[in-house]
Amino acid sequence: MEQPTMAAGFAAALLDYAVDRGAPRAALLTASGLTDTQLTDQDNRIPVAGYQALIGAAIEATGDTALLLRHTFDTRLETMSIIGQIVHSSASLRHSIEQLNRYVRLVAEVELHGPDRFELRERGGEVWIVDHLVVPPGDYFGIEASFARFVSEFRRGFPGHPFALALDVTYPPPPHAAAYAALFRVPVRFNAPRNALRIDPIWITSKSEFEPGNAYAFGLFTRHADALLAEVTSASGTRARVEAAILPRLHEGSLSMDALARDMGMSRQTLYRRLRDEGVTFAEIHDALRHRMALDYLGARKVSVNEAAYLLGFSEASSFVRAFRRWTGASPTGWLRGTEGEAAG
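Residues numbered from 1 in each chain as written. Predicted model: local features only at pLDDT ≥ 70, side-chain atom pairs only at ≥ 80, totals over all residues. Heavy atoms only, no water.

J.: Just checking my understanding: could you explain the overall build of the protein for this structure?
T.: Within the protein one finds 16 helices and seven strands. Relative to the 2.2 N^0.38 estimate, which gives 20 Å for 345 residues, the radius of gyration of the protein is 21 Å and therefore close to what a compact globule would have. Principal axes of the C-alpha set define a box for the protein whose edges measure 60 × 50 × 35 Å. Across the 345 residues in the protein, those meeting the buried criterion constitute 47%. Taking as baseline every contact in the protein between residues at least 6 positions apart, the subset at least 24 positions apart corresponds to 64%. (Helix = DSSP H or I, 4+ residues; strand = E, 2+ residues; numbered from the N terminus. Rg over C-alpha atoms; globule rule 2.2 N^0.38 Å. Buried < 20%, exposed > 50% of the residue type's maximum accessible area, 1.4 Å probe, protein only. Contact = heavy atoms within 4.5 Å.)

Structure follows, in structure tokens:
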């Protein structure tokens, strides 16, 4: 991955946090290669390497190796990224994790073991949130902050309701391992085979659905995030660029490959050839995107089957039902009943 980027809001918040604890602002900016102008807008993209350098400089300046961990527990996600607004207006834990996976590139472009960063895994009566981030040797900051964010957001949003029960991490104890007990407040196993947070099973039952949010606000947040995601993916592979171009037009139904190619600054033949080189067709991308968004719309339980059909560009609900059955082997209502049954179980 060339020059991976991330949202500036995280760096801006960490910079302010470190300065409040005595670190010199100018020196931190110089060490990171970042500027105040880059950090003015939380949605600006900055190099991941610059953020990593900022972490190192802030730790050196404060003498606190747990600085990033404390910062994560002391701050709110919604103040740093649109992701926070989306997660807080999600319908349930499952839905919020779906949104995190959908928009994870807005936080940072990182290498993953698999297609999604986070996975809800249920086995033997236990429920774990598994983080599939690729962790370089000697690096613990990404995983540490990831699980600290889960714990702190749920602790703040649902005080008095148990969430985290145990933590497994693949790295050895960091210099500030003693701080884990006071901050995470759960047993921690270092040098574990995976990075995972065990949570109370109540959070995946139907009883754990969040308080109904404002569906209109959720739609505004996701539309803004979709626009940002389109910008982030515009310089990526052709498939990603096509997906970004199709997404805001899904409701139009039948899409013209010629028109889309023109909007992307290339001929239809060039677009066809580039997609062929990536082993996919325009029709397959369109269909897969409809499939993914259908699960997202219905899984959120914020739109009806007819509304989902319209949003995905189907002229008739019956056409949507046939497509949904082809994708999942079940009708939309049957699929919804199945997911409700899984949650209840």
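J.: What is the right way to look at the pairing of strand β5 (residues 164–168) in this model?
T.: Note on strand geometry: in a regular strand, side chains alternate between the two faces of the sheet. With respect to burial, β5 is a largely interior element, four of its five residues being buried. Note that β5 and strand β7 (residues 196–199) share four bridges and pair antiparallel. Residue Ala 166 lies in a different strand from β7, and its bridge partner there is Arg 198. Alignment of β5 against strand β6 (residues 188–189), held across two bridges, turns out to be parallel. (Pairing = 2+ DSSP bridges.)

J.: For this particular structure, what's the right way to read the nonpolar core?
T.: Across soluble globular proteins, nonpolar side chains show a tendency to be buried alongside one another. In terms of nonpolar packing, the biggest core is built from 72 residues, with Phe 163 and Phe 184 touching the most fellow members. When residues in this core are grouped by element, the largest group, nine residues, is from helix α1 (residues 8–20). With residues up to four places along the chain from it excluded, the contact list for Phe 184 reads Leu 69, Phe 73, Glu 144, Phe 147, Ala 148, Val 151, Arg 155 and Leu 167. Within the second largest apolar cluster, 29 residues are counted, among which are Val 280, Phe 282, Leu 298 and Trp 327. (Core = buried A, V, L, I, M, F, W, Y, C linked by side-chain atoms within 4.5 Å.)

J.: Can you help me understand helix α12 (residues 268–277) in this one?
T.: In an α-helix, one full turn covers 3.6 residues, which means residues spaced three or four apart are oriented alike. Among the residues making up α12, those that are buried are Thr 270, Leu 271 and Leu 275. Burial along α12 is one-sided: seen end-on, the buried residues are contained in an arc of 130°. Seen from the open side of α12, the exposed residues pointing more than 90 degrees away from its buried face are Gln 269 and Asp 277. Following α12 by one or two positions, Gly 279 has its phi on the positive side, about 75°. (Arc of directions from axis to C-beta.)

J.: Can you help me understand the packing of aromatic side chains in this one?
T.: When we look at a pair of aromatic rings, we describe it by the centre distance and by the angle of the planes. Summed over all chains, the structure comprises 17 aromatic pairs. Considering the side-chain rings of Phe 314 and Trp 327, the 6.4 Å spacing of their centres and the 70° angle between planes classify their relative orientation as edge-to-face. Placement of Phe 314 in the loop between α14 (305–311) and α15 (317–328) and of Trp 327 in helix α15 is noted, with a sequence separation of 13 residues between them. This pair shows no difference in class: Phe 314 is buried, exactly as Trp 327 is. (Phe/Tyr/Trp six-rings, centres within 6.5 Å; stacked < 30°, edge-to-face > 60°.)

J.: Could you clarify how one ought to interpret α1 in this entry?
T.: Along its 13 residues, α1 runs 18 Å from first to last C-alpha, staying within 8% of the 18 Å computed at 1.5 Å per residue. Among the residues of α1, Ala 8, Gly 9, Phe 10, Ala 11, Ala 12, Ala 13, Leu 14, Leu 15, Tyr 17 and Ala 18 are the ones counted as buried. On the buried face of α1, the contacting elements are β1 (5–7), α2 (25–32), β2 (45–47), α3 (48–62), α4 (67–74) and α6 (93–107). (Expected span 1.5 Å × (residues − 1).)

J.: Would you mind going over unusual backbone geometry with me for this structure?
T.: It is generally the case that most residues other than glycine have a negative phi and that most peptide bonds are trans. At Arg 185, a residue that is not glycine, the phi angle is positive and equals roughly 60°. One can find Arg 185 in the loop between α8 (179–184) and β6. At Asn 191, a position not held by glycine, the phi torsion is positive, near 55°. By the element assignment, Asn 191 lies in the loop between β6 and β7.

J.: Sorry if this is basic, but what is going on with the pattern of salt bridges here?
T.: Two side chains carrying opposite charge are able to pair once their charged atoms lie near each other. Applying the stated criterion across every chain yields a total of 16 salt bridges. For the salt bridge of Arg 94 with Glu 122, the shortest nitrogen-to-oxygen distance reads 3.0 Å. You can see Arg 94 sitting in helix α6 and its partner Glu 122 sitting in strand β3 (residues 118–123), a full 28 residues away along the chain. For Glu 122, a relative accessible area of 41% gives the class partly exposed. Arg 149 is the partner of Glu 153 in a salt bridge, and the nearest nitrogen-oxygen pair spans 3.2 Å. One end of the pair is Glu 153 and the other is Arg 149, both in helix α7 (residues 141–157) and four residues apart, which spans about a single turn. Given a relative accessible area of 10%, Glu 153 falls into the buried group. Members of the salt-bridge network, linked through shared partners, are Asp 16, Arg 25 and Asp 36. (Salt bridge = Lys/Arg side-chain N within 4 Å of Asp/Glu carboxyl O.)

J.: Could you clarify how one ought to interpret the packing of α1 against α4 in this entry?
T.: The geometry of a pair of packed helices is captured by two quantities: the angle between their axes and the separation between those axes. It is the contact of α1 with α4, at a shortest axis distance of 10 Å, that shows an interaxial angle of 105°. Taken together, α1 and α4 sit at an angle that is classed as roughly perpendicular. Residue-level inspection shows Phe 10, Ala 13, Leu 14, Tyr 17 and Ala 18 of α1 in contact with α4, the latter providing Leu 67, Leu 68, Arg 70, His 71 and Asp 74. Class assignment for the residues of the contact of α1 with α4 results in seven nonpolar, one polar and two charged. (Axes fitted to C-alpha atoms, helices over the stretch in contact; angles between N-to-C directions. Parallel < 35°, antiparallel > 145°, perpendicular 65-115°, else oblique. Nonpolar A, V, L, I, M, F, W, Y, C, P; charged D, E, K, R; others polar.)

J.: When you look at the sheet that holds strand β4 (residues 126–131) in this model, what are you seeing that I'm missing?
T.: By definition, the strands of a sheet pair up through backbone hydrogen bonds, in either a parallel or an antiparallel sense. The sheet built from five strands is open, its strands ordered β3-β4-β7-β5-β6 with mixed pairing. Each of the sheet's edge strands pairs with one partner strand only, and the pair in question is β3 and β6. Helix-sheet contacts for α6 involve β3, β4 and β7, and the interaxial angle to β3 is about 145°. Along the sheet, α7 makes contact with β3, β4, β5 and β7, crossing β4 at roughly 135°.

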